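# Reading the structure
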Amino acid sequence: MELQDFLHDLNRQIRDQGDWGKVADYIPELGRVAPDQFGIAVALADGKVLEAGQARQGFSIQSISKVFALACVLGRIGEQLWSRVGREPSGDRFDSILLLEQEKGRPRNPFINAGALVVTDELLTGRSPQQALSEVVGFLRQASGDDAIHIDKAVARSEAQTGHRNAALAHYLRSFGNLKNPPDHVIGTYFHQCAIEMDCVQLALAGRVIAGLDCAPALLSPVKQRRINALMMTCGQYDGSGNFAFRVGMPAKSGVGGGLLVIAPGRASIAIWSPGLDGWGNSLAGTLAAERLAEFTGWSVFG
Ligand code: GLN
């Protein structure tokens, strides 16, 4: 069976299975999205993009933005970042504050919220929130070749109204001296960064730079690609990362909007969207789809 036929088949299989999970309602605007939706796009090394289901439906990329904010910061300050944030899985929820006290304000990795706030703080060094956001959105536009990518202000506002945990994390980081900018600036920028809206086709195209595809614009060095992929594999789905590696075997990053960016290094960049989440906050049907795609293609990095 050809990959395109498989994707249509997968779309049917996912719609036939009854379990969609629960949408994230702690951000009220995301709580209004219907869970029973599914889309997938696969960008291949030769420049082709295959799609099935609601691959052109925009969604909130949320934590998937952390990958691209990290790419921007690594491009700017490189290795220095690692004195402020670690590279180990946390084994905790994405919004946990637990380890931050024990480890004196140095977050475990750049994909949990505390670590992403430090990355956004770096992004704000010498720049206004507007400029910092333009840098991330600009990176995504260049990586995907699509200037229509934008921030959904209603989602950013909605998170700002209820984002007390992120505010707590930012203030806590600041108390350890690991936040240079005022906490309100950092969380405001972070909420807007998380509220970037993209569809699966745009996200799969942007992910080509992480996958190092031949057709990708040259925005990331091979070393940075390798490191970002390592972090996605070990920390990309928070405390569900081990299970994801076991089932799918590819580096990936999830977001509470139900998006999933999965990387088959050198082969493909895959974007999947289904807004219902599992208990870890990762797309439930999206993970199942990634697992079936990995079985069909044999793209697991573990052979
Ligand atoms: N904006 C969300 C938050 O900070 C992102 C979390 C996620 O996608 N896992 O809670």
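All of these numbers come straight from a predicted model, not from anything done at the bench.

## Structural notes on the sheet that holds strand 8 (residues 268–273)
Strand order in the open sheet formed by 5 strands is 2-1-8-7-6, with antiparallel pairing between adjacent strands. Each edge of the open sheet carries a strand with a single partner, namely strand 2 (49–53) and strand 6 (252–254). Each strand of the sheet is rotated relative to its neighbour by a mean of 10°, with strand direction disregarded.

## Notes on the site of the ligand
Around the ligand sit Tyr 26, Gln 62, Ser 63, Phe 94, Asn 113, Glu 159, Asn 166, Tyr 190, Cys 194, Tyr 238, Gly 255 and Val 256, and that is every residue in its neighbourhood. Within the contact set of the ligand, an oxygen atom lies 2.5 Å away from a side-chain nitrogen or oxygen of Tyr 26. In the model, an oxygen atom of the ligand is placed 2.6 Å from a nitrogen or oxygen of the Ser 63 side chain. Here the ligand loses 99% of its free accessible area of 300 Å² to cover by the protein chains. Taken together, the residues of the shell around the ligand sort by class into 6 nonpolar, 5 polar and 1 charged.

## Notes on the environment of Asn 181
Structurally, Asn 181 is set in the loop between helix 8 (164–175) and helix 9 (183–194). When its relative accessible area of 17% is taken as the criterion, Asn 181 is described as buried. In the structure, Asn 181 is positioned 48 residues away from Leu 133 in sequence and 15 Å away in space, judged by C-alpha atoms. The contacts of Asn 181, once residues within four sequence positions are left out, are Asp 121, Leu 124, Thr 125, Arg 174 and Val 186. A polar contact is formed between the side chain of Asn 181 and the side chain of Asp 121, at a distance of 2.7 Å.

## A short note on the packing of helix 5 (residues 113–123) against helix 8
Two elements in contact, helix 5 and helix 8, have axes whose closest approach is 10 Å; the angle formed by their N-to-C orientations is 65°. Two packed elements cross with a definite hand, and for helix 5 against helix 8 that hand is right-handed. Two secondary-structure elements touch here, helix 5 through Asn 113, Ala 114, Leu 117 and Val 118 and helix 8 through Asn 166, Leu 169, Ala 170 and Leu 173.

Procedures and definitions
Residues numbered from 1 in each chain as written. Predicted model: local features only at pLDDT ≥ 70, side-chain atom pairs only at ≥ 80, totals over all residues. Heavy atoms only, no water. Pairing = 2+ DSSP bridges. Helix = DSSP H or I, 4+ residues; strand = E, 2+ residues; numbered from the N terminus. Axes fitted to C-alpha atoms, helices over the stretch in contact; angles between N-to-C directions. Near = heavy atom within 4 Å. Polar contact = N/O pair within 3.5 Å; in protein donor to acceptor, adjacent residues only side chain to side chain. Areas by Shrake-Rupley, 256 points an atom, 1.4 Å probe, with all protein chains shown as cover. Nonpolar A, V, L, I, M, F, W, Y, C, P; charged D, E, K, R; others polar. Buried < 20%, exposed > 50% of the residue type's maximum accessible area, 1.4 Å probe, protein only. Contact = heavy atoms within 4.5 Å. Left-handed = near helix turned anticlockwise from the far one by under 90°.

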